[in-house]
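Examining the three-dimensional arrangement
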Amino acid sequence: MNVDLYERIWMWSVGVMLALFFGSTAAAAIGHQVHPPSHIETIDPTKALTDARFRRQGVSVDATGRIHATIVGLMFAWLPGELTLPADTPVTFHMTSADVIHGYEIVRTDAQSMVIPGYVSQFTTRFAAGDYLVACNEYCGVGHHTMATRLHVVPRTAWKAPEASHGN
Ligand code: CUA
């Protein structure tokens, strides 16, 4: 097969570039243990709904008064269905998936995270009062577009802490 010299140069350059890109990605992932933010805590995804950390989904307050929102994503819903949180108060979200990768995005805020089976995603944020749409932003199957829920943020004085305390 006769390949033009310039074409051969380009083919080799592309090959070298691909090797560099894949190599640097692999080096970062393996050598420096780079992974999505906050995906440090692991969990058995087949037990996501029975694990002590996720058995009870929803809002809870721990012994120090911090507010936690525990959420499980699965095709094609977020559990629990809806959340009510106090405004202007830090809330720590703990999320995991029972099946495939989902994306927890509180629309029009900076709160979002990939939700990966086998890992616990976590972030802490606070909200202004209002109603927020929570959408799944990782394509997870035929019902992906229906995987949405609501987050109600009410003034602090109007918010009532749930009875149950945090599982941990
Ligand atoms: Cu869950 Cu898309």
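Overview of the structure. (Residues numbered from 1 in each chain as written. Predicted model: local features only at pLDDT ≥ 70, side-chain atom pairs only at ≥ 80, totals over all residues. Heavy atoms only, no water.)

Time to look at the nonpolar core. The tendency in soluble globular proteins is for nonpolar side chains to be buried side by side. Of all hydrophobic cores here, the largest spans 25 residues; its most connected members are F93, Y104, I106, F127 and L151. For this core, the elements supplying multiple residues, two or more each, are β3 (67-74), β5 (82-86), β6 (91-97), β7 (102-106), β10 (130-136) and β11 (148-154). With residues near it in sequence (within four places) discarded, I106 still touches F93, A111, F123, F127, Y132, L133, V134 and L151. (Core = buried A, V, L, I, M, F, W, Y, C linked by side-chain atoms within 4.5 Å. Buried < 20%, exposed > 50% of the residue type's maximum accessible area, 1.4 Å probe, protein only. Helix = DSSP H or I, 4+ residues; strand = E, 2+ residues; numbered from the N terminus. Contact = heavy atoms within 4.5 Å.)

Trans peptide bonds make up the majority, and among non-glycine residues the majority have a negative phi. Across the junction of M75 and F76, the peptide omega takes the value 0°, indicating a cis bond. In this fold, F76 is placed in the loop between β3 and β4 (77-79). With an omega of 0°, the peptide bond between L79 and P80 qualifies as cis. Position of P80 among the secondary structure elements: in the loop between β4 and β5.

Enumeration over the complete set of coordinates arrives at 3 salt bridges. Residue R53 is joined to D51 by a salt bridge in which the shortest nitrogen-to-oxygen separation is 3.0 Å. Among the ionic contacts, a cluster of salt bridges with common partners joins E41, D51 and R53. (Salt bridge = Lys/Arg side-chain N within 4 Å of Asp/Glu carboxyl O.)

Taken together, 5 strands build an open sheet; the order of strands is β5-β11-β10-β7-β8 and the sheet is mixed. Looking at which strands have only one partner, the edges of the open sheet turn out to be β5 and β8 (112-115). Taken pair by pair, the neighbouring strands of this sheet meet at an average axis angle of 20°, ignoring direction. (Pairing = 2+ DSSP bridges. Axes fitted to C-alpha atoms, helices over the stretch in contact; angles between N-to-C directions.)

Turning next to the pairing of β11. What you see with β11 is a clean split: T149, L151 and V153 sit on the buried side and A148, R150, H152 and V154 on the side with no burial. With 5 bridges connecting them, β5 and β11 associate as parallel partners. Pairing of L83 across the sheet is with L151, part of β11. By the bridge criterion, 6 bridges tie β10 to β11 in an arrangement that is antiparallel.

On the secondary structure map, D51 appears in the loop between β1 (41-42) and β2 (58-61). In terms of polar contacts, D51 uses its side chain to reach the backbone amide nitrogen of R53, at 2.8 Å. (Polar contact = N/O pair within 3.5 Å; in protein donor to acceptor, adjacent residues only side chain to side chain.)

Keep in mind these values describe shape, not function.
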